[in-house]
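So you can see what is in the structure, the chains are spelled out below.
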Amino acid sequence: SQQGEEDPQALSIQEGENATMNCSYKTSINNLQWYRQNSGRGLVHLILIRSNEREKHSGRLRVTLDTSKKSSSLLITASRAADTASYFCATDVYQAGTALIFGKGTTLSVSS
Amino acid sequence: DTEVTQTPKHLVMGMTNKKSLKCEQHMGHRAMYWYKQKAKKPPELMFVYSYEKLSINESVPSRFSPECPNSSLLNLHLHALQPEDSALYLCASSHDRDEQYFGPGTRLTVT
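Residues numbered from 1 in each chain as written. Chains lettered and ligands numbered in written order. Predicted model: local features only at pLDDT ≥ 70, side-chain atom pairs only at ≥ 80, totals over all residues. Heavy atoms only, no water.

(A) Spatial organisation of the side chain of Asp83 of chain A. Along the chain, Asp83 of chain A turns up in the loop between β8 (71-76) and β9 (85-92). Non-local contacts of Asp83 of chain A, meaning those with residues more than four positions away in its chain, are made with Arg60, Ile76, Leu108 and Val110 of chain A. (Helix = DSSP H or I, 4+ residues; strand = E, 2+ residues; numbered from the N terminus. Contact = heavy atoms within 4.5 Å.)

Below, the structure is given as structure tokens:
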């Protein structure tokens, strides 16, 4: 089953520009996480925001969460070519146990 | 050690074969996961083990059989797979509801 929808599906920017990706979900969540995946390899965790938090920062990353609108955004500032990857939001929704439901993802291309 | 290892990296198997995927972590995480990922799609949850017990099975066909021999190891036994089962199989682990650590995956091709 799929919970999250990312927008846009693909994003192309120049180095130094900011990249914003949005995620919408359908049910109430325990937390929302963002992951990066390079070329079909393993996923790397970027940031976790809990349902009672509204904003979180980590280095060049800024995540917001609006539980009333069931949406989140990921901002990457001053993008680098190395940021080229697929980005997924994932929601922790299960009451018993813990597991993630991933959104469809945004493919980001950063050109130099 | 914050690494999740998966073996093999690549696997090609016929529809009548039996094979196993292995996953190992030494971070003391008590939750371990199997995900399946098709090309250009997000990972899809298959199984969750919590404290070595199967806690979530996302209606996965019985030709996939998970096993958790101990808190550090997770196996996925494969039997009589179909070509549509070809995908990247990802293992992950986590401490409770924290971030998940993913292995590099096993790329499976069923011929």
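(B) Fine view of the state of the cysteines. Per the counting criterion, the structure on display carries two disulfides over all chains. The disulfide partner of Cys23 of chain A is Cys89 of chain A, and the S-S distance across this bridge is 2.0 Å. Its S-S torsion of about 65° marks the bond between Cys23 of chain A and Cys89 of chain A as right-handed, since a negative value means left-handed. Of this pair, Cys23 of chain A sits in strand β3 (residues 19-24) while Cys89 of chain A sits in strand β9, and the two are 66 residues apart along the sequence. In terms of burial, Cys23 of chain A and Cys89 of chain A fall into one category: buried. Paired by a disulfide, Cys23 of chain B and Cys91 of chain B hold their sulfur atoms 1.8 Å apart. Its S-S torsion of approximately -70° makes the covalent link between Cys23 of chain B and Cys91 of chain B left-handed. You can see Cys23 of chain B sitting in strand β3 (residues 18-25) and its partner Cys91 of chain B sitting in strand β9 (residues 87-94), a full 68 residues away along the chain. The class of Cys91 of chain B is buried, set by a relative accessible area of 0%. (Disulfide = S-S within 2.5 Å. Buried < 20%, exposed > 50% of the residue type's maximum accessible area, 1.4 Å probe, protein only.)

(C) How the structure looks around the interface of chain A and chain B. On the side of chain B, 21 residues touch chain A, which itself brings 26 residues to the contact. Surface buried jointly by chain A and chain B totals about 1,900 Å² across both partners, of which 51% is contributed by carbon and sulfur atoms. Summed over the shared surface of chain A and chain B, the result is one salt bridge. Between Asp98 of chain B and Arg50 of chain A there is a salt bridge, with its nearest N and O atoms 3.4 Å apart. One can count three residue pairs in polar contact (both at pLDDT 80 or more) joining chain A with chain B. Those elements that place two or more of their residues in the side of chain A that touches chain B are β4 (31-37), β5 (43-50), β9 and β10 (100-102) of chain A. (Buried area = accessible area lost by both parts, 1.4 Å probe. Salt bridge = Lys/Arg side-chain N within 4 Å of Asp/Glu carboxyl O. Polar contact = N/O pair within 3.5 Å; in protein donor to acceptor, adjacent residues only side chain to side chain.)

(D) Inspection of the nonpolar core at higher detail. Core analysis: the biggest nonpolar cluster contains 42 residues, and Leu32, Trp34, Leu74, Phe102 and Leu108 of chain A together with Tyr35 of chain B have the highest contact counts within it. At five residues, β9 of chain A tops the list of elements feeding residues into this core. Apart from residues no more than four positions distant in its own chain, Leu108 of chain A is found in contact with Leu11, Ile13, Ala19, Met21, Ile76, Asp83, Thr84, Ala85 and Tyr87 of chain A. Counting 22 residues, the second-largest nonpolar core is a separate cluster that includes Val4, Met13, Leu76 and Leu81 of chain B. (Core = buried A, V, L, I, M, F, W, Y, C linked by side-chain atoms within 4.5 Å.)

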